[in-house]
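Coordinate inspection notes
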There are 2 protein chains.
Amino acid sequence: MTARRPMTQRMIAERVGVSITTVSRVLNDRETEPGRWASSETVAAIMAAAREGGYRRNPHAASLRTSRSDLVGVLVPRLQDFVLATIYEGIDEAAAERGISTFVTNSLDRPELQRTRTQSMLDRRVDGLIFGDAHLDDPFLDEIAAQDVPFVLTSRRAGDHVAVTCDDLAGGRLVAEHLLSLGRRDVAILAGLPFASTGRERTQGLVDAFRAAGVEVPERRIVRNGFDATAGREAAERIFAEPPYPDAVFATNDFAAIGAMGVLRDKGLRIPDDVALVGYNDTPLAESITISLTTIRSPMHTMGRRALETLLDMLAGRTVASERLTPELVVRGSTVGR
Amino acid sequence: MTARRPMTQRMIAERVGVSITTVSRVLNDRETEPGRWASSETVAAIMAAAREGGYRRNPHAASLRTSRSDLVGVLVPRLQDFVLATIYEGIDEAAAERGISTFVTNSLDRPELQRTRTQSMLDRRVDGLIFGDAHLDDPFLDEIAAQDVPFVLTSRRAGDHVAVTCDDLAGGRLVAEHLLSLGRRDVAILAGLPFASTGRERTQGLVDAFRAAGVEVPERRIVRNGFDATAGREAAERIFAEPPYPDAVFATNDFAAIGAMGVLRDKGLRIPDDVALVGYNDTPLAESITISLTTIRSPMHTMGRRALETLLDMLAGRTVASERLTPELVVRGSTVGR
DNA sequence: TGGCGCCGCACAAACGATTACGTCAATCGT
DNA sequence: ACGATTGACGTAATCGTTTGTGCGGCGCCA
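What you are looking at is a predicted structure, and each value in this text was computed from that prediction instead of being measured. (Residues numbered from 1 in each chain as written. Chains lettered and ligands numbered in written order. Predicted model: local features only at pLDDT ≥ 70, side-chain atom pairs only at ≥ 80, totals over all residues. Heavy atoms only, no water.)

So, on to the interface of chain A and chain B. Each partner contributes to the interface: chain A provides 58 residues, whereas chain B provides 58 residues. Between chain A and chain B, the buried area comes to about 4900 Å², and carbon and sulfur atoms account for 49% of it. Sorting the residues of chain A by area buried against chain B places His60(A), Arg124(A) and Arg125(A) first, and these three jointly supply 15% of that buried surface. Between the two partners, chain A and chain B, sit 5 salt bridges. Arg78(B) is paired through a salt bridge with Glu89(A); the nearest N and O atoms lie 2.7 Å apart. Put simply, chain A and chain B have 28 residue pairs in polar contact (both at pLDDT 80 or more) between them. For the side of chain A that touches chain B, the secondary-structure elements that each account for two or more residues are α4 (59–66), α5 (82–97), β2 (101–106), α6 (111–123), α10 (229–239), α11 (254–266) and α12 (284–288) of chain A. Broken down by class, the residue content of the side of chain A that touches chain B amounts to 20 nonpolar, 20 polar and 18 charged. (Contact = heavy atoms within 4.5 Å. Buried area = accessible area lost by both parts, 1.4 Å probe. Salt bridge = Lys/Arg side-chain N within 4 Å of Asp/Glu carboxyl O. Polar contact = N/O pair within 3.5 Å; in protein donor to acceptor, adjacent residues only side chain to side chain. Helix = DSSP H or I, 4+ residues; strand = E, 2+ residues; numbered from the N terminus. Nonpolar A, V, L, I, M, F, W, Y, C, P; charged D, E, K, R; others polar.)

The next thing to look at is the packing of helix α1 (residues 9–16) of chain B against helix α3 (residues 40–53) of chain B. Residues and elements named next belong to chain B. Between α1 and α3, the shortest axis-to-axis distance is 9 Å and the interhelical angle comes to 125°. Taken together, α1 and α3 sit at an angle that is classed as oblique. The interaxial crossing formed by α1 with α3 has right-handed handedness. Note on element contacts: α3 touches α1 through Ala45, Ile46, Ala49, Ala50 and Glu52, opposite Ile12, Arg15 and Val16. Split into classes, the residues belonging to the contact of α1 with α3 amount to 6 nonpolar, no polar and 2 charged. (Axes fitted to C-alpha atoms, helices over the stretch in contact; angles between N-to-C directions. Parallel < 35°, antiparallel > 145°, perpendicular 65-115°, else oblique. Left-handed = near helix turned anticlockwise from the far one by under 90°.)

So, about the protein's contact with DNA strand C. Looking at DNA strand C, there are 28 residues lining it, with Gln9(A), Tyr55(A), Arg65(A), Ser19(B) and Thr21(B) nearest. Between DNA strand C and the protein, one listed contact pairs a phosphate oxygen with a side-chain N or O atom of Tyr55(A) at 2.4 Å. Here a phosphate oxygen of DNA strand C and a side-chain polar atom of Arg57(A) are 2.7 Å apart. Contributing elements (two or more residues each) for the surface near DNA strand C: α2 (20–28) and α4 of chain A together with α2 (20–28) and α4 (59–66) of chain B. Across the surface near DNA strand C, the residue classes break down as 9 nonpolar, 13 polar and 6 charged. (Near = heavy atom within 4 Å.)

With that settled, consider the relation of the copies chain A and chain B. Take chain A, turn it by 180°, move it 0.0 Å along the axis, and it overlays chain B with an RMSD of 0.1 Å. Such a turn and shift between the copies fits a two-fold axis. By C-alpha distance to the rotation axis, the residue of chain A lying nearest is His60(A), at 2.3 Å. The residues that chain A uses at the interface reappear at the interface of chain B in 100% of cases, marking a shared surface. (Least-squares fit on C-alpha atoms with pLDDT ≥ 70 in both.)

Within the largest apolar cluster, 106 residues are counted, with the highest numbers of intra-cluster contacts made by Leu285(A), Leu285(B) and Leu308(B). Broken down by element, the residue count for this core peaks at 9 residues, all from α5(A). Every residue in contact with Leu308(B), bar those within four places of it in the chain, is listed here: Val72(B), Ile91(B), Ala94(B), Ala95(B), Arg98(B), Ile100(B) and Ile130(B). One finds Phe103(A), Leu129(A), Val149(B) and Ala158(B) within the second-largest nonpolar core, a separate group that totals 32 residues. (Core = buried A, V, L, I, M, F, W, Y, C linked by side-chain atoms within 4.5 Å. Buried < 20%, exposed > 50% of the residue type's maximum accessible area, 1.4 Å probe, protein only.)

Let us look at the sheet that holds strand β11 (residues 323–325) of chain A. Neighbouring strands of a sheet are bound in pairs by backbone hydrogen bonds; such pairs are parallel or else antiparallel. Residues and elements named next belong to chain A. On the basis of which strands lie adjacent, the open sheet formed by 6 strands has the order β2-β1-β3-β4-β5-β11 and parallel pairing. Unpaired on one side and paired on the other, β2 and β11 mark the two borders of the sheet. Across the sheet, the mean angle separating the axes of adjacent strands is 15° when strand polarity is ignored. Sheet topology places strand β5 (residues 163–166) next to β11; 3 bridges connect them, and they run parallel. Each residue of the ladder has a partner; that of Thr165, found in β11, is Arg324. (Pairing = 2+ DSSP bridges.)

Within the structure, DNA strand D sits among 27 residues, and Ser19(A), Thr21(A), Ser39(A), Tyr55(B) and Arg65(B) are positioned closest to it. Expressed as a percentage, the sugar and phosphate content of the atoms of DNA strand D within 4 Å of the protein is 56%. One nitrogen or oxygen atom from the main chain of Ser19(A) is found 2.4 Å from a phosphate oxygen belonging to DNA strand D. Within the contact set of DNA strand D, a phosphate oxygen lies 2.9 Å away from a side-chain nitrogen or oxygen of Asn28(B). Where the surface near DNA strand D is concerned, the elements lending two or more residues are α2 and α4 of chain A together with α2 and α4 of chain B. The residue inventory of the surface near DNA strand D, partitioned by class, reads 8 nonpolar, 12 polar and 7 charged.

Right, dumping it as structure tokens:
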């Protein structure tokens, strides 16, 4: 039933008998000041015509004129990763509420992809960017900051760039306190990717807290090897290659923890009796698996929402600051048997 | 270093001393016929100027003129779902290779969201849509087909709409043959959501194959309850509420299988000795968990790629047909102990 | 040598919306 | 009673590309 060629402001203007200027004004200030620019009858007539004709503003035309696209680009390491998918859901939800759209894409944590994908987003004239794949050791972000491209980081921090993250140091500390309270003193850490602030700070948080309690975590107990199940399994295999075994394992990601679980099982080690296991992020799986997983709950969805809101504040010229959301310990069967 | 206002074709034209027409033609037919419209010196000069100035065509202006956006919209039930995230990765990868961009968003399988989200994509003037959230019982797709909006389905089929899916009937059949070969005759099915063709056809495939072998699967052995771990756990609890227990469980999704695993464990049932367990999709987790999961491998990534390619064919006016990719059985510890 | 068909370009009109300026009443304050 | 303000619009330029049409000049064939 919709006309093949969509209705334009010009068509509304002709229908109502006013100029296209007036139509534009009324339609745009609809929410704020409906009668600021036209008499109430004119406003009503325009709205009626728009509704009947099924008018939809052409965003390309508007963007061309205003050079604002209401588009934001999002880069994540990988959408398959539950954590990043959830963060993105938060971003997209908050964006949709405000009538703005988002592009997501994977960088696979590969620097050249980060660059090319970012470039395509800029080519699409996004108003700003959200990076979920910041690397601690790459000057990339500094470069694009130098080009005055507005962006915020999420999930991972880097440098002094504005970032909405979870307080990973605190998360590591929570794990440490829990394990220490259980009398575990020899902990191994599946530290994740070395260039990700998440893995690094979660590790640091635990190590610091252990040290404060008088326990040193030796370097050979820390394996840096990725966040997914396969990486977790490999890391655990390395740690449990030969005795003495640790009495606790802290995986900086639930999936890595699940990977490690298989190794413990193969070694005939009981969880939590022989080895306590702690994950991170409180994935739904953590609760559902055979031995439910003690983990840290991080507000991933909220993190995404806040990241988007922060970017929008930035775009509106308001001054913004980094934000660290608070993690929470969730104790389950993998550290305290039932 | 980039100028605050990006370089335009006009600027190139002035630099080189030709008309903006020529610039446009040269830049667009760059790949196909570089010298179709201008002499080789002119072409070289234009390319040089464009490169030096860091020219990037303004897609809004181009879309406004051509009323083609090189944008496609993708609707999925939920990006958190590993399966859909993977399919989307395939879509986005194939799209990126062709210089086209995609919008994804969640519909959460809620009809009103399907409608509003689709509308926002159309408002953004996407050239076409890919639905990963088709419902068998909703006229929605027929409605938008009636509006001549180009789209293809993926993951799930519905009606006669063009769809790129996996052959779920065949998948169910593979599971049936495997279980029958192991002598299992009393199978329970975690059938997933009732309005999703995936769950429905996987179930149907198994039931048909069992019937062909002379075994009837009673209705009470089929629980329709969602695809995630929680849903799988609930369904399994229902099935194992009281004896007699089945000697096999077919979960139409790996995550549901993992949820079911916990229930079996709680009941003190051994896998696979007492109950054989089969999942679907061959999620990386299937291999990593304590008891590795027998499952059906479905080419999710390829499915996404093909869906995008099919949509592009459709947009190019070529005739397209539905496609069913071939699933594959992966036997692991949850059906044959080591 | 007249005519035809390139080649290599340029002109100018869109595409749909936004917005800096006008304009022309009617109203108001003093 | 008269300049100033306000209300309600309209004019026209502009954003950056694409594309149908036009136009000299040159080579070529009959």
